[in-house]
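Structure at a glance
Chain residues, written in single-letter form:
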Amino acid sequence: MALRASLIALAILAALLPADRASAGGFYLAPRGTGPLGRGGAFVAGANDPHAVWYNPAGLAWSGDQLLLDGTLTLFETTFTRIDGGGNTLRPARGYHTYLPIPTLGGSFSLDELPEWTFALTLQAPNSALMDWPQEPDAPQRYSLLSLEGSLLATAAAAAAWRPIEELSIGLAAHLLIGSFDATVALSACDGVICSFPEDPEYDGVANIALPTVFPLFVLGAVVQPIDALKIGFSVSTPFNLEGSARLRVRPPPAAAFEGAEVVNRGAGCDHEDETDPCRENTRADTQLEFPWVFRLGVEVTPMTGLRIEAAAVYETWSVQDAARIVPRDVWIEGALGGGLEYEVGPLSIPRQMNDTISLRLGGELDIDIVTARLGFSFENGAFSDAYLTPLTIDSDKLIFSGGATVNLSDEVSLDAVVGYLWMASRSVRNSAVPQANPIRPPGSEVETVYVGNGDYEMGAPFFGLTVRWRLDAGHIRGPGTEPQDAEEPEPAAEEPRETEPAAPVGTSADPSTPWYLQGEAAGTGGATPSPDPAPEEPAAEEPPPEAEPPAETARERRRRLRRERRQRRREQRRRRRAR
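Note that the structure is predicted; figures quoted are calculated from it, not measured. (Residues numbered from 1 in each chain as written. Predicted model: local features only at pLDDT ≥ 70, side-chain atom pairs only at ≥ 80, totals over all residues. Heavy atoms only, no water.)

1. Structural notes on the overall build of the protein chain
Summing up its helical and strand segments, the protein chain has six helices and 24 strands in all. Within the protein chain, contacts between residues separated by at least 24 positions form 73% of all contacts whose residues are at least 6 apart in sequence. Working note: accessible area of the protein chain is about 28900 Å², and carbon and sulfur atoms make up 58% of it. (Helix = DSSP H or I, 4+ residues; strand = E, 2+ residues; numbered from the N terminus. Contact = heavy atoms within 4.5 Å. Areas by Shrake-Rupley, 256 points an atom, 1.4 Å probe, with all protein chains shown as cover.)

2. Let's talk about the pattern of salt bridges
Scanning all chains against the criterion turns up 22 salt bridges. The closest approach of N and O atoms between Asp-204 and Arg-142, which form a salt bridge, is 2.7 Å. Linking Asp-204 in strand β8 (residues 204-227) with Arg-142 in the loop between β5 (114-124) and β6 (152-165), this pair joins segments that are 62 residues apart in sequence. Per residue, the accessibility class of Asp-204 equals that of Arg-142, and both read buried. A salt bridge links Arg-308 to Glu-365, with the shortest nitrogen-to-oxygen separation between them at 2.9 Å. In this pair, Arg-308 is assigned in strand β14 (residues 307-316) and Glu-365 in strand β19 (residues 357-368), connecting sequence segments 57 residues apart. A relative accessible area of 6% places Glu-365 in the buried class. (Salt bridge = Lys/Arg side-chain N within 4 Å of Asp/Glu carboxyl O. Buried < 20%, exposed > 50% of the residue type's maximum accessible area, 1.4 Å probe, protein only.)

3. Quick look at the side chain of Asp-70
Turning to its location among the elements, Asp-70 is positioned in strand β1 (residues 66-74). Of the side chains with opposite charge, Arg-32 lies nearest to the buried Asp-70, which makes no salt bridge, at 5.6 Å. Within the structure, the side chain of Asp-70 is placed 2.3 Å from the side chain of Thr-467, a separation counted as a polar contact. Leave out the neighbours within four places in its chain, and Asp-70 touches Gly-33, Thr-34, His-51, Ile-102, Pro-103, Thr-104, Leu-466 and Thr-467. (Lys, Arg positive; Asp, Glu negative; His and termini not counted. Polar contact = N/O pair within 3.5 Å; in protein donor to acceptor, adjacent residues only side chain to side chain.)

4. Considerations on the sheet that holds strand β11 (residues 262-265)
Taken in spatial order, the three strands make up an open sheet running β11-β16-β17, and their pairing is antiparallel. Across the chains shown, the open sheet's two edge strands, defined by having one partner strand only, are β11 and β17 (341-344). Across the sheet, the axes of successive neighbouring strands diverge by a mean angle of 25 degrees, strand direction being ignored. Judged from the four bridges that link them, β11 and strand β16 (residues 331-335) form a sheet pairing that is antiparallel. Pairing of Val-264 across the sheet is with Trp-332, part of β16. (Pairing = 2+ DSSP bridges. Axes fitted to C-alpha atoms, helices over the stretch in contact; angles between N-to-C directions.)

5. Points about the pairing of β16
With two bridges joining them, β16 and β17 adopt antiparallel strand pairing. By the bridge assignment, Trp-332 is partnered in β17 with Glu-344.

These figures capture arrangement, not role.
Below is the structure:
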């Protein structure tokens, strides 16, 4: 009960903590979690802590009762040197983000009454980066992205794993994606008549879109362990969408032609001519952005005691995201050209044409006394071809090199740490197919198409992580095949004494046909000298009353006993290691 109360308090605390920011692009920079990241993200078959809620919920069967607070910090930096529509190389623009750790707060627990089940609660944010770019009116990347400030995504999850037999575990996690997607970008209103240069900053408006979202997704997984030295894990995550009615704010260009212009809502039931009507400024748009299915497969082997090695593959169906669509709802620009021009803001579709990604991961860990050392490596192909790469989503082929360790401060408390580097291949784009966004241009405008993705991209990121873990069960996992090996066997019950017949008196010949209790009298009547009366037999000692059975062991006493037994086994293992 104390553990369950602790988890409830933990969940309330987690709800009050700020989640980290999410990128807009639909990809995750690196695997999440200090321990999994130390293994290069190879954490599908070997998942054994609350991070399994994200990777493979079936791994919770090996998690036991524990709480963890985890944070990873990715110092992502990128530089974009754009080539504009006229073929001119512009000054480099540096993308940056606030250095905040990606948090995970979670716990797993099991019940004495349900030893085959393990449950978990977590709160976590995607391992991605909130990118900001230069905000100047002539910033080279302004038509792709100015800022993602205000975006915030996190998932709250509840999960359970069922291990009916020692060789099989099945798990399911239900995630609720909550937060907001917030992006700011420059839009061109150059019409080709009043304005002849399509990248003139004087004719750039600024649009901001904010989309709150609440969307469920699920992770289903299984782990098969046919022998002690082999685990095979598989999981699938369902897709989710960022879609719905978003708040749309458009600031008209500063050019003289737009002096006094306003952006208003002309939807049904809204009096756009009444400046006091609050509905007038409630400009909205329908948005849609799809996210992928995720399939994971891992195989973990234990070639020797204390050494675990896993190879894993992750497949993500990013090809579902072909465009980011924004369709304004009766949003108009009024008062342009001194009040003589008004027109409706048009729809915006940003081509994405993403590719499916495959990540290959290899990681392992080795127990050395109170330390567990980890190494990991992974490769993932980029989700964008050159033609559709822009600063809105910086992505490329990736290599991850990582190392980490766990230090067991006691049977209950441990610290995890990881350090590594995310290398991303440089890109040189000369065939961009992503056009300049221009939904605020007046109707009938004829301007040459300007592509915004051409240029050179440089990117990379070192990363760090730290976890504090508290094991309330001292490492004992409930479930099939997990009973302690040195449990005492019950003592055999004492045999009851058998009743024996008394022997015939010495010197008499007993007639077999005479009952034993009359044989003495028959002998006395046969004329023989009567034998003296036998000495009276001493009464048999009374059996001691049976000892009272000890009272039944309570759940708390059982946990304490298991902790003592586990400590004793660890001491014995250390003695044997030192002896070798």
